[in-house]
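Listed below, chain by chain, are the residues.
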Amino acid sequence: MADTFSTPASRTPADVRPGGVRSGDHPWRIRLVKHPKRFESAHFRAAKKVAKKILAETGEEHLPYGPPPGADEHWEMHHGGSLWVRASGGWQMYRARVGIEWSMQFCADPVKVDRLRREAAELVAAFPRTLPALAALGYEEAGDLLHTPVTDADGVEAWTDGLFNSCVPLSRSNHQGILPRVPGEHHYPWPVKGADYFRYDDFQLWVTLPDGTHGAVAPLGRRGSGDGHVRLLHVPEGSAAADTVAEAQELSMMAVLPPNSPVALQAFAEQIAPGSRTASGPRTADAAVPPPRT
């Protein structure tokens, strides 16, 4: 059974203009509207201002999701649960249990948001340099933000747009990118996208599947093992591999591709000799890597 989504004209806000209708073969129908200019609260303006000062004080090697954007880009602040603290060696950012996207505040329960506030306050309390350092940068509202219980929509808005939620610094690509260029956090699951920030540079996490869609893979064995199998972790809905991945998850199994598959060869391309027909065997990039312990 197909769901049909529609927006009665009489209920359409005055600042939302129709932008056409798209449909598919299922069938389905969703009205597209032109996004009204997003309201930027005073909370968010203040948070971004101090976040930029923090980043200016932070060396590139200590940026949470560096390197910084290129000359023609700028930092974008992601509402991803940005728990900034001042440690003995400088600024550090932890991620909250969950972040609240700007649009998601309108379904946020103040009681549950207040739990996020309490957790953040407990973390910041472990770093006593934090509040004085933020005050020195002009962000004097940090203490009130951490210590004022969230009880209503105004409190939810303050927390959502405050420093401890709204300022995960990302390049535009890492924030909103779509494959085949760069996968952004808004379009790819965080447990997979997060690997971009800790994977080996010579392992290709994101690959092109035989049907032309893009997916994410991980090695089946540790580095140095010579195992060229890869586990398929993520594929988009509509991919020819989607049903297989879903079935594997349902059965608590793994969807694994062999070392001679085009996908495995892509994933290990920078670790194997050009023209290799299998991703298994010695790696050209493993000369300095000790063999696995047995």
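Residues numbered from 1 in each chain as written. Predicted model: local features only at pLDDT ≥ 70, side-chain atom pairs only at ≥ 80, totals over all residues. Heavy atoms only, no water.

**Observations concerning the pattern of salt bridges**
Considering all chains together, one arrives at 11 salt bridges under this definition. With a closest N to O distance of 2.9 Å, Glu40 and Lys48 form a salt bridge. Close ionic contact of Lys193 with Asp196 constitutes a salt bridge, the shortest N to O distance being 3.0 Å. Here Lys193 matches Asp196 in class, with each residue buried. (Salt bridge = Lys/Arg side-chain N within 4 Å of Asp/Glu carboxyl O. Buried < 20%, exposed > 50% of the residue type's maximum accessible area, 1.4 Å probe, protein only.)

**Points about the nonpolar core**
Counting residues in each nonpolar core, the largest one holds 41 residues, and the members touching the most others are Trp84, Leu134, Tyr139, Trp159, Leu163 and Phe164. In terms of residue count, helix α1 (residues 42–57) provides more of this core than any other element does, seven residues in total. Counting residues in each nonpolar core, the second largest holds 18 residues, with Phe203, Val207, Val235 and Ala264 among its members. (Core = buried A, V, L, I, M, F, W, Y, C linked by side-chain atoms within 4.5 Å. Helix = DSSP H or I, 4+ residues; strand = E, 2+ residues; numbered from the N terminus.)

**Side note on the environment of Phe164**
Its place among the elements puts Phe164 in helix α6 (residues 163–166). Taking the relative accessible area as the measure of exposure, Phe164 reaches 1% and is therefore buried. For the pair Phe164 and Leu83, spaced 81 residues apart in the sequence, the C-alpha separation amounts to 4.7 Å. For Phe164, the residues in contact, after removing those within four places along its chain, are Gly81, Ser82, Leu83, Trp84, Val124, Leu134, Ala142, Leu145, Leu146 and Trp159. (Contact = heavy atoms within 4.5 Å.)

**With respect to the packing of aromatic side chains**
Taken as a whole and judged by the stated rule, the model has eight aromatic pairs. Taken together, a centroid distance of 5.5 Å and an interplanar angle of 90 degrees make the contact between Trp102 and Phe106 edge-to-face. Assessed through its relative accessible area of 60%, Phe106 is described here as exposed. Consider the rings of Phe203 and Phe268, whose centres lie 5.4 Å apart with planes at 70 degrees: the pair is edge-to-face. On the criterion of sequence distance, the pair formed by Phe203 in the loop between α8 (190–193) and β7 (206–208) and Phe268 in the segment after α10 (262–267) is long-range, its members being 65 residues apart. Overall, Phe203 belongs to the buried group, its relative accessible area being 6%. Pairwise contacts between aromatic rings join Tyr65, Trp190 and Tyr197 into one cluster. (Phe/Tyr/Trp six-rings, centres within 6.5 Å; stacked < 30°, edge-to-face > 60°.)

**Here we look at the sheet that holds strand β9 (residues 230–234)**
One open sheet accounts for four strands, arranged β7-β8-β9-β10; its pairing is antiparallel. Only two strands of the sheet have a single partner each, and these edge strands are β7 and β10 (256–257). With four bridges connecting them, strand β8 (residues 214–219) and β9 associate as antiparallel partners. By the bridge assignment for β9, Pro219 is matched with Val230. (Pairing = 2+ DSSP bridges.)

**Observations regarding α1**
The terminal C-alpha atoms of α1 lie 23 Å apart, and with 16 residues this matches the ideal 22 Å at 1.5 Å per residue to within 8%. Of the surrounding secondary structure, the elements contacted by the buried residues of α1 are β3 (76–78), β4 (82–87), β5 (90–95), α3 (130–136), α6 and β6 (168–170). (Expected span 1.5 Å × (residues − 1).)

**Points about the confidence of the model for the chain**
Summary statistics for the chain give a mean pLDDT of 85 and a share of 83% for residues scoring 70 or more. Predicted confidence for residues 1–13 stays below pLDDT 50, and this span has 12 contacts to residues more than four positions away or in other chains. Here residues 15–27 is a poorly scored stretch, pLDDT under 50, and it has 21 contacts once near neighbours within four places are set aside; other chains count. (pLDDT = per-residue confidence, 0-100.)

**Examining a nonpolar patch on the surface**
On the surface, a cluster of nonpolar side chains totalling about 230 Å² of accessible area is made up of Leu220, Met254 and Val256. One can find Met254 in the loop between α9 (242–250) and β10. (Patch = residues over 30% accessible without salt bridge, like charges linked within 9 Å, V, L, I, M, F, W, Y side chains within 5 Å. Areas by Shrake-Rupley, 256 points an atom, 1.4 Å probe, with all protein chains shown as cover.)

**Observations concerning the pairing of β8**
Every other side chain in a regular strand lies on the same face of the sheet, so the side chains alternate between the two faces. Here β7 runs beside β8; their pairing, made up of three bridges, is antiparallel. If you follow Val207 over to β8, its bridge partner there is Gly215.

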